[in-house]
Amino acid sequence: MLVRISLLLVAASTLLSQAQTIPAIYQKYCAACHADSATGTDRGPGLIDTRSLRSKSEAQIRELIRKGTNGGMPAFALPPKELDELAAALRSWNSSAFDAHPAGDSQAGKTFFNQKCLGCHMVQGQGGSNGPDLSNVGRELTVRELEQTLADPSSRKGKKSGASCPSWAFCPDDPWAVVNVRLKNGQTLRGFAKGRGQHDLQLQTLDGKMHLLTAVDYQSLDFEKRSLMPALKATATETQNLLAYLSTRGGVPTGPVQAALPPVTIQDQNKIQKPALGEWPGYHGLPSANRHSPLKQINSTNAARLKPAWTYALPHMSLQTTPLVADGIMYVTAPNRVCALDSSTGREIWCYDRTRSTATKISGDAAKGAQRGAALLGDRIFFSTDDAHLIALNRLTGALMWQVFMPANLKGAFGTTAAPLVVGDLVISGIAGGDAPLRGFLAAFKATTGEEVWRFWTIPKPGEPASETWRGKAIEYGGGATWLTGSYDPELDTLYWPTGNPYPDTDGTDRVGDNLYTDCVIALDPKTGKLKWHFQFTPHDLWDWDATEPLVLVDAKFQGRDRKLLLQANRNGFFYVLDRVTGEFLLGKPFVERLTWATGIDPKGRPILTANSKPTPGGTKTCPAVRGATNWYSTSYSPDTKLFYVMAVEDCNLYRQAGNWFVPYNDPANPPVKLLRALDIETGKIVWEVPQVGAPEANYSGVLTTAGGLLFYGESGGTFAAADAATGKTLWHFNTGQAWKASPMTYLVKGRQHVAIAAGGTIVSFALD
């Protein structure tokens, strides 16, 4: 009690001291509007312990005073001396604890914290989840706020939006508000209300489990008036040491963490490699990258009854994400943003976000906001930022556990757009930016610490194996990005990853040769990154036809023999079938009609080039167009129909060696067209097709098949459709009015099957009426 009283007195004296040192210049210009003194009003925010000022330097505060704010504070043309005096005062009142460096033994404070606090709070990936993450608390709070929180934890309850509640009020939308929920079966649950609506509640109980409740499940909610955290009981010295330690918490540094986080169990790994029915724990659902689900509650007999179940908007209008679902929680992504949702209602549970990078630091699709998803393993979710940082978040709270910069010391405008892939206890991620000078790679990191385990270079150094396929200076910066998620075969313990185009894209003068390992599938040992085999689809690519299309792994009968196959509809216009054990080429057939660069594929799998298809300074008409006969969006193979499904594009471009590399080729009699096509994998023949209405470039939707005999996809007109997988006949459609940039998925929650897709800037989940 004495310590608590002393802390309150310290906090009060700190505030009093600040008030006593308020300069006359503040009283002259600020007190009339800002509620920080006896003469202040509520017309403007307080200027002591103000988060909006905490991150600003004295120079930035000076500019804010001088220029004012739009529609708020007016500009003040103060004499330089007065301006400096006021800016310095405001900065001093809002210095974070991290900047203030309070006295005390921070190491002793860390020991105290680990013994008394780490069970509930997480710091840099270690600790519990029954309280806020404190990794950055030194930068987030002032010393006075830390003192106040330790003395009276209930005084700082705040809303999810970041607005604080006064100490005398209670905030029921505080994510750490404690609630007692009486269920209709008589049971009572106690925990944190992480999300709440009029008819639903997302409750994190103290055992670390998330309960997704609706009004059907509970009869009453009773919010406790006090924080779960008790007031600090410590000596004055222990308190000062704890303050010193907490003040040093300035965020999670970039680089592997030193202490290993909780280990990844075999059970955790199995949940990813062999997910439970209705779970979707990876980008493609299964590590095979085949978007075929065994769910059949929604089927060809009832698909017409599908209705939107819920929607959730994200702050980006061209979402490319595929949602993940595990244990009833959905995880969705946008550029530099990850959010956890109740997959039955769409209610937000938490969101993690960081500032997007400027276009001068990154290039290509990453700079435009392309971001395709995340990966799960155990208590972690992994995500790649636009500037090529791989990060690990706590699945329960969204707290940052570790972050690493994948390019390390490499030069180049590296970014990332793909979802990582989990294999065993490793997280594997590639990079984007291959349409600019860089050296492509694929890297694996320990899920527990972020430590790099191996790195495979898609562009060899001079003198290394495959360097003989590069003659010229381009080998130093030859592209070969790895910007789409690969696939994995647990039985063969082999990782398959697609690689991007060489650079410069359309000028091969300084890169004579096949340019390995661009436009390839590389088969690697996932534990070491050693190459097992490779297959190159477009040697010496001059048309920007990345091989970054899904690598679909299926076990099927092929030409009378059971085989382990790898299927890909490539951007170059050919459909390929490979033996994924050896890399043997089995089939290569066109799946588009407008294909002019090659007459076919020879028995070894190399294209038979046509004359006059290479780019020239003036431009050469070549088909397919630069966006390809297809692209990164999902494909699917159904073991029921034995058909492979792909969204195909019939189009051409004028290809130039330099300048504006790709120019549309306008032929009014033969405009571009997009088609949904079903292929026979043994012959490559088109079994049926559904031409799309609308501009092909507005549709980057992939496909999903299910055991219910259905094929889901986005139509070019903005509608989401369910078709008969055997015939292509449309059975149901819903108009979203959006241009498609994402692929569909399906999941099961509370016994009900949903189908979800990102439409524009919104996640839409459908279920039966």
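Please refer to the structure higher up on the page.
Residues numbered from 1 in each chain as written. Predicted model: local features only at pLDDT ≥ 70, side-chain atom pairs only at ≥ 80, totals over all residues. Heavy atoms only, no water.

**Observations regarding the pairing of strand E19 (residues 426-430)**
- Among the five residues of E19, five are classified as buried, and the element is accordingly described as predominantly covered.
- Burial along E19 is two-sided: the residues Leu426, Ile428 and Gly430 and Val427 and Ser429 are all buried.
- Inspection of the sheet shows strand E18 (residues 421-423) paired to E19 by three bridges, in the antiparallel sense. Of the residues in E19, the one forming a bridge with Leu421 is Ile428.
- From the end of E18 to the start of E19, which pair antiparallel, there are two residues, and Gly424 there has a positive phi angle of about 65 degrees.
- Note: E19 against strand E21 (residues 441-446), five bridges, orientation antiparallel. (Buried < 20%, exposed > 50% of the residue type's maximum accessible area, 1.4 Å probe, protein only. Helix = DSSP H or I, 4+ residues; strand = E, 2+ residues; numbered from the N terminus. Pairing = 2+ DSSP bridges.)

**Details of the packing of helix H4 (residues 58-67) against helix H5 (residues 80-93)**
- Relative orientation of the contacting elements H4 and H5 amounts to 120 degrees, with a least axis distance of 9 Å. Between H4 and H5, the angle falls in the class oblique. Considering the relative orientation of H4 and H5, their crossing is right-handed. Across the interface between the two elements, Glu58, Ile61, Arg62 and Ile65 from H4 touch Leu83, Asp84, Leu86, Ala87, Ala88, Leu90 and Arg91 from H5. (Axes fitted to C-alpha atoms, helices over the stretch in contact; angles between N-to-C directions. Parallel < 35°, antiparallel > 145°, perpendicular 65-115°, else oblique. Left-handed = near helix turned anticlockwise from the far one by under 90°. Contact = heavy atoms within 4.5 Å.)

**Side note on the sheet that holds strand E26 (residues 520-524)**
- Strand order in the open sheet formed by four strands is E24-E25-E26-E27, and the pairing between neighbours is antiparallel. With one partner strand each, in any of the chains shown, strand E24 (487-489) and strand E27 (531-536) form the two edges of the open sheet. Across the sheet, the axes of successive neighbouring strands diverge by a mean angle of 15 degrees, strand direction being ignored.
- Bridge count for E26 against E27 is five bridges, and the pairing is antiparallel. When the sheet's bridge partners are listed, Val521 is paired in E27 with Phe535.

**A look at the state of the cysteines**
- All chains considered together, the criterion is met by two disulfides.
- With a sulfur-sulfur separation of 2.0 Å, Cys339 is cross-linked through a disulfide to Cys351. Disulfide Cys339-Cys351: torsion about the S-S bond near 110 degrees, hence right-handed. With Cys339 in strand E12 (residues 337-342) and Cys351 in strand E13 (residues 348-353), this pair connects stretches of sequence that are twelve residues apart.
- Judged by its relative accessible area of 0%, Cys339 falls in the buried class. (Disulfide = S-S within 2.5 Å.)

**Some details on the packing of aromatic side chains**
- Enumeration over the complete set of coordinates arrives at 34 aromatic pairs.
- An angle of 45 degrees between the planes, with centres 5.5 Å apart, marks the rings of Phe113 and Tyr245 as tilted. Taken as a pair, Phe113 in helix H7 (residues 106-116) and Tyr245 in helix H10 (residues 236-247) lie far apart in primary sequence, 132 residues in all.
- The class for Phe113 is buried, based on a relative accessible area of 1%.
- Ring centres 5.9 Å apart and planes at 45 degrees place the aromatic pair Tyr645 and Trp688 in the tilted group. You can see Tyr645 sitting in strand E36 (residues 643-650) and its partner Trp688 sitting in strand E40 (residues 686-691), a full 43 residues away along the chain.
- Across from the ring centre of Trp632, 4.2 Å away, lies the NZ or CZ of Arg372, which sits over that ring.
- For Lys741, the ring lying beneath its charged end belongs to Tyr700, and the centroid distance is 4.7 Å. (Phe/Tyr/Trp six-rings, centres within 6.5 Å; stacked < 30°, edge-to-face > 60°. Lys NZ or Arg CZ within 6 Å of the ring centre and 35° of its normal.)

**Topic: the nonpolar core**
- With 102 residues, the main nonpolar core has Met330, Trp350, Leu711, Phe712, Tyr713 and Ile763 as its most contacted residues.
- Those residues in contact with Leu711 that sit more than four places away from it in its chain are Tyr645, Leu676, Trp688, Val703, Leu704, Thr705, Ala721, Ala722, Ala723 and Ala725.
- Membership of the second largest hydrophobic core comes to 43 residues, among which are Ala556, Leu587, Leu595 and Tyr655. (Core = buried A, V, L, I, M, F, W, Y, C linked by side-chain atoms within 4.5 Å.)

**Describing H5**
- For H5, which comprises 14 residues, the first-to-last C-alpha distance of 20 Å matches the rise-based estimate of 20 Å (1.5 Å per residue) to within 8%.
- Of the positions making up H5, those classed as buried are Leu83, Leu86, Ala87, Ala89, Leu90, Arg91 and Trp93. (Expected span 1.5 Å × (residues − 1).)

**Comments concerning the pairing of E36**
- E36 sits mainly inside the fold: eight of its eight residues count as buried.
- Residues Leu643, Tyr645, Met647 and Val649 line one face of E36 and the alternating positions Phe644, Val646, Ala648 and Glu650 line the opposite face, and both faces are buried.
- Here strand E35 (residues 636-638) runs beside E36; their pairing, made up of three bridges, is antiparallel. In the sheet register, Ser636 faces E36, and the bridge partner there is Tyr645.
- Hairpin connection, E35 to E36: the antiparallel pair is bridged by four residues, and Lys642 has positive phi, about 60 degrees.

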